[in-house]
Amino acid sequence: MTSSQRMPARRGFFWRLGPTVLFAGMLSSLACHPDPDATRRSSDAHLASAPHTSSRDISEVARRVDSLSQQGLYIDAIAVAQTHLVRLRAEHAPPGPMSDALERTGRLKLAEGAFPDAIVLLEEAAQIRRSSLPGDTAGLAGVLVSLGRAEKNAGHYDEATARYEEVLRMTQGGGGPLALCRAEALAGTANVIRRKPEQLGEATRLMAMSLAIRERWLGREDLSVADARTDLALLYYLVGRVESARREAEEALRVRRPRLGPGNPDLGLSESILAWSLVKLGRRSEADRHFAIAVANYERARLHSEMGPSRLRYRPMVAAARAANLLDLGKPDEAWQVLERGLSVFMMEWLRPPSPPAARHAGPPAVDVASLSEVQRSLS
């Protein structure tokens, strides 16, 4: 018997993965990617660059950008927003429209994962509001919240905390838009301090306060309230309040699914939290269904080239969690297929050609390699 014949069947995965990765790299280097949406993007660019930008033009650009963003099509949205911003700069637009355009583009860059670009744009928007629009406290607070989020994601935690503290001071006792900015600052602070295990309890308290403010001013059915509920569900899970995490994740999905559509990539985190909670509660068959949905949603984001680093790191983690759950359900063959797919997709993303400088990020995406290795050893 030859050495290849003696090799366990499971080890064949590594032999199959090598050609897969090599072939993916060749395709990434050589393939031309046709753009079926070229006509639509051409129309968007024409809209953003129409002569004599009026308030109606500005409103239409904002509506189009918001619509694309809600669909998770950040690349298209950024193309429209940046073209519009260039036009406003050339026209020396008034402070209000200019700051709004900077903030909108900065938030899109934040969603894309281009944090340095987002920081530059949002800092300029904040400077304009401080110097030229001193009475617009809510507008400045909104920009500072987004700036804090970009700085936190870029690893500038002290700067992010300072932004949130400034927002909390300026919104003290305010209602309406000021109260909502306060809710954002509370949530942002929670997301900064939750990095330290000893502060998870305080982070959960702040996130619950943020959700309560949002519910009061926006109502239970608002999409941003459901987004905040997802963040609270994650913290509940991390502090061991599994039933509370399950309940909040299910409620968030009840609102988000019909609004975003069942295949929207932004549903991936809610589905993952629900699945993890169900595993802890011993409801593994239900959990597998939600793991499968989450993986499919992240895959859809990858195929549409809309996955930033924050989304990219979740897909192999969720795939590994689903594989482990399938093992406990007595389905090793299916578990192996899920894990193999998760690893191969991760490697394909790692080998993609570099992005343009404005969107480039250093190093491979962060992945919970330990959990992947643990599942791999179980399958070998």
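Residues numbered from 1 in each chain as written. Predicted model: local features only at pLDDT ≥ 70, side-chain atom pairs only at ≥ 80, totals over all residues. Heavy atoms only, no water.

## Points about the overall build of the protein chain
Point 1. When helices and strands are counted, the protein chain shows 19 helices and zero strands.
Point 2. A burial count over the protein chain gives 47% of its 380 residues as buried.
Point 3. Of all intrachain contacts in the protein chain linking residues separated by at least 6 positions in sequence, the fraction that spans at least 24 positions is 62%. (Helix = DSSP H or I, 4+ residues; strand = E, 2+ residues; numbered from the N terminus. Buried < 20%, exposed > 50% of the residue type's maximum accessible area, 1.4 Å probe, protein only. Contact = heavy atoms within 4.5 Å.)

## A few points about the packing of helix H5 (residues 74–90) against helix H6 (residues 95–112)
Pairs of packed helices are described in terms of their axes, by the angle between the two and the distance that separates them.
Point 1. Packing of H5 against H6 brings their axes to within 9 Å, and their N-to-C directions diverge by 155°. In terms of orientation, H5 and H6 fall into the roughly antiparallel class. Crossing hand, H5 versus H6: left-handed. The residues of H6 that touch H5, namely those facing Tyr74, Ala77, Ile78, Ala81, Gln82, His84, Leu85, Leu88 and Arg89, are Pro97, Met98, Ala101, Leu102, Thr105, Leu108, Lys109, Ala111 and Glu112.
Point 2. Here the contact of H5 with H6 is composed, by residue class, of twelve nonpolar, three polar and three charged. (Axes fitted to C-alpha atoms, helices over the stretch in contact; angles between N-to-C directions. Parallel < 35°, antiparallel > 145°, perpendicular 65-115°, else oblique. Left-handed = near helix turned anticlockwise from the far one by under 90°. Nonpolar A, V, L, I, M, F, W, Y, C, P; charged D, E, K, R; others polar.)

## What to know about helix H7 (residues 115–132)
Point 1. In a regular helix each residue adds 1.5 Å, so 18 residues correspond to 26 Å; H7 covers 25 Å between its end C-alpha atoms and thus fits that length.
Point 2. Within H7, burial applies to Phe115, Ala118, Ile119, Leu121, Leu122, Ala125, Ala126, Ile128 and Arg129.
Point 3. For H7, the elements touching its buried residues are H5, H6 and helix H8 (137–153). (Expected span 1.5 Å × (residues − 1).)

## Let's talk about the confidence of the model for the protein chain
Point 1. Per-residue pLDDT for the protein chain has a mean of 77; in total, 72% of the residues score no lower than 70.
Point 2. Within the model, pLDDT remains below 50 along residues 304–310, and this stretch shows 16 contacts once partners closer than five positions in the same chain are excluded.
Point 3. Contacts of residues 350–380 to residues separated by more than four positions or lying in other chains number 43 contacts, the stretch itself having pLDDT below 50. (pLDDT = per-residue confidence, 0-100.)

## Some points on the pattern of salt bridges
Point 1. Scanning all chains against the criterion turns up 28 salt bridges.
Point 2. Linking Asp100 and Arg129 is a salt bridge whose minimum nitrogen-to-oxygen distance equals 2.5 Å. In this pair, Asp100 is assigned in helix H6 and Arg129 in helix H7, connecting sequence segments 29 residues apart.
Point 3. Take Asp100: its relative accessible area is 34%, and that puts it in the partly exposed class.
Point 4. The buried category is assigned to Arg129, whose relative accessible area is 5%.
Point 5. The closest approach of N and O atoms between Arg130 and Glu166, which form a salt bridge, is 2.9 Å. (Salt bridge = Lys/Arg side-chain N within 4 Å of Asp/Glu carboxyl O.)

## Observations concerning the packing of aromatic side chains
Point 1. Counted according to the given criterion, the structure contains two aromatic pairs.
Point 2. When the ring of Tyr237 is compared with that of Trp276, the centres are 6.3 Å apart and the planes differ by 35°; the resulting orientation is tilted. Of the two residues, Tyr237 is situated in helix H12 (residues 223–238) and Trp276 in helix H14 (residues 268–280); the sequence distance between them amounts to 39 residues.
Point 3. Aromatic side chains Trp276 and Phe291 sit 6.4 Å apart centroid to centroid with 75° between the ring planes, which places their arrangement in the edge-to-face category. Of this pair, Trp276 sits in helix H14 while Phe291 sits in helix H15 (residues 284–303), and the two are 15 residues apart along the sequence. Assigned by exposure class, Trp276 and Phe291 land together as buried.
Point 4. Here the aromatic cluster, defined as three or more aromatic residues joined through ring pairs, consists of Tyr237, Trp276 and Phe291.
Point 5. Just above the ring of Tyr157 sits the side chain of Arg195; from NZ or CZ to the centre is 3.6 Å. (Phe/Tyr/Trp six-rings, centres within 6.5 Å; stacked < 30°, edge-to-face > 60°. Lys NZ or Arg CZ within 6 Å of the ring centre and 35° of its normal.)

## Some details on the environment of Ala212
Point 1. One can find Ala212 in helix H11 (residues 200–218).
Point 2. In the structure, Ala212 is positioned 17 residues away from Arg229 in sequence and 9.8 Å away in space, judged by C-alpha atoms.

## Looking at the side chain of Asn191
Point 1. With respect to the helices and strands, the residue Asn191 is situated in helix H10 (residues 177–193).
Point 2. By relative accessible area, which is 17% here, Asn191 ends up buried.
Point 3. Apart from residues no more than four positions distant in its own chain, Asn191 is found in contact with Lys152 and Met207.

## Quick look at the packing of H7 against H8
Point 1. One can describe the packing of H7 onto H8 by two numbers: an axis separation of 9 Å at closest approach and a directional angle of 155°. The angle between H7 and H8 places the two elements in the roughly antiparallel class. Crossing angle aside, the handedness with which H7 passes H8 is left-handed. From H7, Phe115, Ala118, Ile119, Leu122, Glu123, Ala125, Ala126, Arg129 and Arg130 reach across to H8, where they touch Gly139, Leu140, Val143, Leu144, Ser146, Leu147, Ala150, Glu151 and Asn153.
Point 2. Across the contact of H7 with H8, the residue classes break down as eleven nonpolar, three polar and four charged.

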